[in-house]
Amino acid sequence: MRSGTRRTLGVVFSKETEERHFAPPDRQMLPVGSWGVKGGIACDPGGTPRLSMKLEDAPFYRRSLVETIVHGDQLAMVHETLDCNRLANPVVRMMLPFRMPRRARR
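Residues numbered from 1 in each chain as written. Predicted model: local features only at pLDDT ≥ 70, side-chain atom pairs only at ≥ 80, totals over all residues. Heavy atoms only, no water.

Participant: Is there a simple way to explain the side chain of histidine 79 in this structure?
Facilitator: Mapped onto the fold, histidine 79 is located in strand S7 (residues 73-82). In terms of polar contacts, histidine 79 uses its side chain to reach the side chain of threonine 81, at 2.9 Å. When neighbours within four sequence positions are excluded, histidine 79 is seen to be in contact with Leu30, Gly39, Gly40, Ile41, Arg62, Arg63, Ser64 and Val66. (Helix = DSSP H or I, 4+ residues; strand = E, 2+ residues; numbered from the N terminus. Polar contact = N/O pair within 3.5 Å; in protein donor to acceptor, adjacent residues only side chain to side chain. Contact = heavy atoms within 4.5 Å.)

In C-alpha cells:
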C-alpha cells in the first residue's frame with residue numbers, strides 16, 4: 001500500500017468449498033528475480049521458503065512456484081510480485097511490446 005503498510009489474508013478452502021480464515025505467519029524474503037524484482041512469501045519462523053520453479057520473470061513482475069511451511073504444513077504456493085513503481089518507469093514501459101508481446105486474435 002502507498003502508506004507502507006501490508007495487508008495479509010489467509011484462507012483455506014476444503015474440498016466441499018468451505019472456507020476457513022487464519023492469520024498467516026510473517027513473510028520471508030525470496031531470492032531477487034533476474035530483473036531485480038523483490039518478493040516474499042509467508043513461512044513459519046525457522047523455516048525457509050524454497051523456489052521450485054520460475055513461471056514468469058519480467059522487469060516489473062514475477063511469478064514462481066514456492067515450497068513453504070505454514071502452520072506446520074509443507075505447502076506448494078504460487079508467489080506473485082507486481083512492482084508498480086517499475087511498471088511506471090518510462091524505460092520499462094518502452095520494453096513492454098518486446099518483453100510481453102501481444103498475440104493476434106484468431
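Participant: Teacher, can you tell me more about the environment of glycine 40 here?
Facilitator: Within the secondary structure, glycine 40 is located in strand S4 (residues 40-42). Overall, glycine 40 belongs to the buried group, its relative accessible area being 11%. When the C-alpha positions of glycine 40 and glutamate 80 are compared, they lie 8.9 Å apart, and in sequence the two are 40 residues distant. Setting aside its immediate chain neighbours within four residues, glycine 40 contacts Arg27, Gln28, Met29, Leu30 and His79. (Buried < 20%, exposed > 50% of the residue type's maximum accessible area, 1.4 Å probe, protein only.)

Participant: Explain the pattern of salt bridges to me, please; I cannot follow it from the model alone.
Facilitator: Two side chains of opposite charge can pair, provided their charged atoms sit close to one another. Enumeration over the complete set of coordinates arrives at four salt bridges. Notably, a salt bridge pairs glutamate 67 with arginine 50, separated by 2.8 Å at the nearest N-O pair. Of the two residues, glutamate 67 is situated in strand S6 (residues 61-70) and arginine 50 in strand S5 (residues 50-57); the sequence distance between them amounts to 17 residues. On the accessibility criterion, arginine 50 (44% relative accessible area) is partly exposed. (Salt bridge = Lys/Arg side-chain N within 4 Å of Asp/Glu carboxyl O.)

Participant: Sorry, what's going on with the sheet that holds S5 here?
Facilitator: To summarise the sheet geometry, strands pair through backbone hydrogen bonds and adopt either a parallel or an antiparallel arrangement. Reading across the sheet, the three strands line up as S5-S6-S7 and stay open at both edges, with antiparallel pairing between neighbours. Edge strands, defined here as strands with exactly one partner in the open sheet, are S5 and S7. When the angles between neighbouring strand axes are averaged without regard to direction, this sheet yields 20°. Relative to S6, S5 runs antiparallel, the two being bridged by six bridges. Following the sheet pairing, glutamate 56 is matched in S6 by arginine 63. (Pairing = 2+ DSSP bridges. Axes fitted to C-alpha atoms, helices over the stretch in contact; angles between N-to-C directions.)

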